[in-house]
Amino acid sequence: GVVFAVDAVSWKALKKSTILPMALWHAVGAVATIMLREKSDDQRSADPVRASAVVGLTGALLLQDKAAALAVYGGSFVGMAAPARLMYGLPRKKGKGNANANVNATATPGPIQVWTAFALAAALGGVVHGATIDWGFWPGGWGGKAGTCAFVGCVLYRTLATIVFALLGK
């Protein structure tokens, strides 16, 4: 009885929260941006800044909910990250002969792996973004919040991925 009541209250609160929608729309923005960058035949569209601008503008024009449009744009900032950096982190020194070798990067990831990594990093940024809105952390205005939350999402993703790979021995 008591556990169910707490779960029901938590679920109602979560449904009213902006955390899940922000996580979803951030993921959509990131995956759309990285897909546009990676699959574009046009060299200009492969530019991370231009791809982010296209995705952000598309979200602003197509979505009636301006918070969702902002979340898509925030997610597009995650999509500007270098795939190797997001997925494998900074290069590690591996002796004198190959100072830039990345010990984590053993194989080229497929598109699904790349899109999943970007979606997870963006969703983490969206959770942070939604929580800051729900808690009134940044009252008023929009400037800088989406990019900051995207950065935090990327850092959280790298941190969690590093911990998981260390625990798995990879």
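In this convention, every chain numbers its residues from 1, walking through the sequence in written order. Reporting of local features is limited, given that this is a predicted model, to residues whose pLDDT is at least 70; pairs of side-chain atoms are given and counted only at 80 or more, and all residues count toward the totals for whole chains, interfaces and linings. As a rule here, side-chain values come from all non-hydrogen atoms in the structure, and water together with hydrogens is ignored.

(A) Summary view of the nonpolar core. Remark: nonpolar core denotes a set of buried residues (Ala, Val, Leu, Ile, Met, Phe, Trp, Tyr, Cys) joined through side-chain atoms within 4.5 Å. Working definition: with a 1.4 Å probe on protein chains only, accessible area under 20% of the residue-type maximum means buried, over 50% means exposed, and in between means partly exposed. Counting residues in hydrophobic clusters, the biggest one holds 16 residues, and the most contacted among them are V78, L86, F118 and Y157. The numbering of helices and of strands both runs from the N terminus, where a helix is a DSSP run of H or I of at least 4 residues and a strand a run of E of at least 2. Among the elements of the structure, α2 (19–39), α5 (83–88), α6 (111–134) and α7 (145–168) are those that each provide at least two residues to this core. Top element by residues in this core is α6. It accounts for five residues. In this view, V78 contacts A30, F118, A121, A122, A150 and C154; residues no more than four positions away in its chain are not counted. In terms of nonpolar packing, the next biggest core, distinct from the first, is built from five residues, V55, L63, A68 and A69 among them. For this analysis, residues touch if any pair of their heavy atoms sits within 4.5 Å.

(B) Structural detail: the packing of α2 against helix α3 (residues 48–62). For the pair α2 and α3, the least separation of the axes is 9 Å and the interaxial angle reads 130°. On the basis of the axis angle, α2 is oblique to α3. Judged by the twist between their axes, the crossing of α2 over α3 is right-handed. Of the residues in α3, those in contact with G29, A32, T33, L36 and R37 of α2 are P48, A51, S52, V54 and V55. Three classes are used, and their members are as follows: Ala, Val, Leu, Ile, Met, Phe, Trp, Tyr, Cys and Pro are nonpolar, Asp, Glu, Lys and Arg are charged, and the others, Gly among them, are polar. Residues belonging to the contact of α2 with α3 are distributed by class as follows: six nonpolar, three polar and one charged. Axis lines are fitted to C-alpha atoms, over the contacting stretch for helices. Their N-to-C directions set the angle, which ranges from 0 to 180 degrees. Each angle is binned into one of four classes, with values under 35 degrees roughly parallel, values over 145 roughly antiparallel, values of 65 to 115 roughly perpendicular, and all other values oblique. Handedness of a crossing is defined here by the sense of rotation of the near helix relative to the far one, left-handed for an anticlockwise turn of less than a right angle and right-handed for a clockwise turn.

(C) Up close: helix α4 (residues 66–79). Here, expected helix span is obtained from the residue count minus one, scaled by 1.5 Å. Its 14 residues place the ends of α4 20 Å apart at the C-alpha level, agreeing with the 20 Å of an ideal helix rising 1.5 Å per residue. Residues of α4 that are buried include every one of A68, A69, L70, A71, V72, G74, G75, S76, V78 and G79, and no others. Where the residues of α4 are buried, they touch α2, α3, α6 and α7. Contacts described as polar in this section are N or O atom pairs within 3.5 Å, which, within protein, must combine one atom able to donate a hydrogen with one able to accept it, while residues neighboring in sequence count only if both atoms come from side chains. At the N-terminal end of α4, a side-chain oxygen is found 3.0 Å from the backbone nitrogen of A67, two or three residues along, and the residue is D65.

(D) Layout of the environment of L90. Locating L90 in the fold gives a position in the loop between α5 and α6. Considering only alpha carbons, one finds L90 and R158, 68 residues apart in sequence, at a separation of 9.9 Å.

(E) The packing of α2 against α6, seen in detail. Contact pair α2 / α6: the axes reach a minimum separation of 6 Å and the direction vectors enclose 145°. Read as a crossing pair, α2 and α6 show a hand that is right-handed. Taken together, the residues of the contact of α2 with α6 break down into 18 nonpolar, five polar and two charged.

(F) Up close: a nonpolar patch on the surface. Patch membership is restricted to residues that have no salt bridge and whose relative accessible area is over 30%. Joining uses 9 Å for like charges and 5 Å for the nonpolar side chains Val, Leu, Ile, Met, Phe, Trp and Tyr. In this description, accessible areas are obtained by the Shrake-Rupley approach with a 1.4 Å probe, and a residue is regarded as covered only by the protein chains that are shown. A side-chain nitrogen of Lys or Arg and a carboxyl oxygen of Asp or Glu constitute a salt bridge if their distance falls within 4 Å. Together, L156, L160, I163 and L167 make up a nonpolar patch on the protein surface, roughly 390 Å² of accessible area in all. Inspection of the secondary structure assignment puts L156 in helix α7. When its relative accessible area of 35% is taken as the criterion, L156 is described as partly exposed.

(G) Inspection of the environment of T162 at higher detail. Within the secondary structure, T162 is located in helix α7. A residue is classified by how much of its surface remains accessible, and T162, at 35% relative accessible area, is partly exposed. Sequence separation between T162 and G89 is 73 residues; the distance between their C-alpha atoms is 8.5 Å. Here R158 takes part through its backbone oxygen, which lies 2.7 Å from a polar atom of the side chain of T162.

(H) Expanded view of the side chain of S76. Secondary-structure assignment places S76 in helix α4. A residue is classified by how much of its surface remains accessible, and S76, at 0% relative accessible area, is buried. A distance of 2.5 Å separates a polar atom in the side chain of S76 from the backbone oxygen of Y73. Excluding residues that lie within four positions of it along the chain, S76 makes contacts with G29, A30, T33, S52 and V55.

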